[in-house]
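Residue-level structural notes
Read off the chains here:
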Amino acid sequence: MRRFLSALLSLALLCASAAQDAGANPPAPAPDAVPPAIPQAAQPVSPQAAQPVSPQEAPAPAAIPLPALPAEIRPGDVLLVRLPRPESGTPAGEAVLKSPAGTVLQRAAGFRLGPEPGRTAFVFGLPTDAPAGIYTVEIPGGPGILPALSRHSVTVRPRDFLAEDIPLSTNLTTLRVEPSPRKDEEARVYADILGRVDPDGIWLDGPFLRPVASDRRTSRFGDRRRYLYATGGTASAVHAGIDFAAPTGTPVVAAGRGRVVLAADREVTGKTVVLEHLPGVYTVYMHLDSLSVAPGAVLERGARLGTVGSTGLATGPHLHWELRVRGVACDPETPAFAVFPAGP
Ligand SMILES: [Zn+2]
């Protein structure tokens, strides 16, 4: 079954890349370079044309550099938007992501990114159930930034997720379904941490790396799961991360530079570490056998934070790796962080 699913996944990926290649313009991020000025001014001016200036020939206003953002993303991707000029400030308002129907999905305050003087960036997390279509990013204007509110289109392509059944033992069924004050309290603390957006929480300085030396994926991001309880019932859930199988004790490292905001033994997710990378952007490492960090520590990319285990609700030793953007579960292998920071 797994082999079949993997084959299906490979096929889907193949189809996706084939579809991408077929396009005349590959979906590269918008260029950072200032677009060429409207060529009017560069054209030789004939004596006739130099006569009274018609409205069409009036000097063009200075070209406005466009923000850099990808033309296309998929459900579960991170949408990173960067303003074009290092000298530009941070808009006072928030950028807004709107669905094809015009509904506001997320609001994001700008933050400074990259070496000084840096650029202003906004980050959004697209949920796995986001329908395909043309979405809009609205970016506020401000002195020295963009002259006014501007709107930019992003195409969300369809994405298929796989289905999987997870049979649970009696113990794991109990762990998942039994109400417990400890579980409730841990869930409250966890949601509080992942919902935090600290404007000074800027640590990430390079692309994410795979946090464990294993490429054996036993569950993929966004899998539509059905838990089969030992008691006979079932429950549905979306897999919020990627599972890598590895022997107990295999080192687990920070996917990117970040600050430890949680390192605790939790009832359902076992020994768990949460790293803050950017304002509202976190990675999570679950079911660890041991923890080697404490809250407050800043870890460099690749620094060890613990070891693979099967603590909490786990059917065998593996690393469950998550990426959260303002609480929304996103694909940890999203292109935005695979090449981060893109461009100059
Ligand atoms: Zn998992």
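From a predicted model like this one, the values you see are computed outputs, not experimental measurements.

Points about the nonpolar core
In this structure, V273, Y285, L305 and F337 are the most contacted members of the largest nonpolar core, which totals 39 residues. When residues of this core are assigned to their parent elements, the largest contribution, four residues, is made by strand β20 (residues 318-325). Split by domain, the residues of this core number at least three in each of domain 1 (64-159) and domain 2 (168-219 + 241-338).

Here's the deal with the confidence of the model for the chain
With 76% of its residues at a pLDDT of 70 or more, the chain shows a mean pLDDT of 81. Contacts for the low-pLDDT stretch residues 1-56, under 50 throughout, to residues beyond four places or in other chains number 38 contacts.

Some details on the pattern of salt bridges
Scanning the model with the defined rule gives 15 salt bridges in all. Here D165 makes a salt bridge to R226, at a shortest N to O gap of 2.8 Å. Taken together, the residues D165 in strand β9 (residues 163-167) and R226 in strand β11 (residues 224-228) connect sequence positions 61 residues apart. For D165, a relative accessible area of 40% puts it in the partly exposed group. On the accessibility criterion, R226 (38% relative accessible area) is partly exposed. Across the pair E186 and R182 runs a salt bridge, and its minimum N-O distance is 2.8 Å.

Looking at the coordination of the zinc ion
Reference values for coordination geometry: four tetrahedral donors around a metal ideally subtend 109.5 degrees, six octahedral donors ideally subtend 90 or 180 degrees. Only H239 (NE2), D243 (OD), D243 (OD) and H320 (ND1) from the protein coordinate the zinc ion, and they sit 2.0 to 2.7 Å from it. Considering all four donor atoms around the zinc ion, angles at the metal cover 54 to 153° and the coordination shape is irregular. Counting along the primary sequence, the residues that act as donors to the zinc ion give the motif H-x3-D-x76-H. The residues H239 and D243 share a single accessibility class, namely buried.

Describing the sheet that holds strand β2 (residues 78-82)
With antiparallel pairing, three strands are arranged side by side in an open sheet as β2-β6-β5. A strand with exactly one partner marks an edge of an open sheet, and here the two such strands are β2 and β5 (111-113). Within the sheet, the average angular offset between the axes of one strand and its neighbour, ignoring direction, is 45°. The sheet contact formed by β2 and strand β6 (residues 119-125) spans five bridges and is antiparallel. Across the sheet, the residue bridging to V81 is F122, located in β6.

Describing the sheet that holds strand β8 (residues 150-156)
Hydrogen bonding along the main chain pairs the strands of a sheet, whether they run parallel or antiparallel. Here five strands make up an open sheet; going across it, the order is β1-β8-β7-β3-β4 and the pairing mixed. Single-partner strands in this sheet number two, and they are β1 (72-73) and β4 (104-109). Bridge count for strand β3 (residues 94-98) against strand β7 (residues 133-139) is three bridges, and the pairing is antiparallel. Counted as the bridge partner of L97 is V137 from β7.

Observations concerning the environment of L168
With respect to the secondary-structure elements, L168 resides in the loop between β9 and α2 (170-177). Residues L168 and A230, 62 residues apart in the sequence, show an inter-C-alpha distance of 5.9 Å. For L168, the contacting residues outside a window of four places in its chain are T173, R176, Y227, L228, Y229, A230 and L313.

Some details on the side chain of S214
By the element assignment, S214 lies in the loop between α3 (181-195) and β10 (217-219). With a relative accessible area of 10%, S214 lands in the buried category. Within polar-contact distance, the side chain of S214 engages the backbone oxygen of A245 at 2.5 Å.

Side note on the pairing of β6
In terms of burial, β6 is a largely internal element, seven of the seven residues being buried. Of the two faces of β6, both are covered, the one formed by R119, A121, V123 and G125 as well as the one formed by T120, F122 and F124. Pairing geometry for β5 and β6, over three bridges, is antiparallel. Among the inter-strand pairings, L113 is bridged to a residue of β6, identified as R119.

With respect to α2
Of the positions making up α2, those classed as buried are L172, T173 and L175. Seen end-on, α2 carries its buried residues on one side only, within an arc spanning 160°. In α2, the exposed positions angled more than 90 degrees off the buried face are occupied by T170 and N171. Its buried side turned inward, α2 meets α3.

Cut-offs and rules
- Residues numbered from 1 in each chain as written.
- Predicted model: local features only at pLDDT ≥ 70, side-chain atom pairs only at ≥ 80, totals over all residues.
- Heavy atoms only, no water.
- Core = buried A, V, L, I, M, F, W, Y, C linked by side-chain atoms within 4.5 Å.
- Buried < 20%, exposed > 50% of the residue type's maximum accessible area, 1.4 Å probe, protein only.
- Helix = DSSP H or I, 4+ residues; strand = E, 2+ residues; numbered from the N terminus.
- Domains from an automatic or database assignment.
- pLDDT = per-residue confidence, 0-100.
- Contact = heavy atoms within 4.5 Å.
- Salt bridge = Lys/Arg side-chain N within 4 Å of Asp/Glu carboxyl O.
- Donors = N, O, S within 2.8 Å, 3.2 Å for Na, K, Ca; no water.
- Tetrahedral: all angles 85-135°; square planar, octahedral: opposite > 155°, others 65-115°.
- Pairing = 2+ DSSP bridges.
- Axes fitted to C-alpha atoms, helices over the stretch in contact; angles between N-to-C directions.
- Polar contact = N/O pair within 3.5 Å; in protein donor to acceptor, adjacent residues only side chain to side chain.
- Arc of directions from axis to C-beta.

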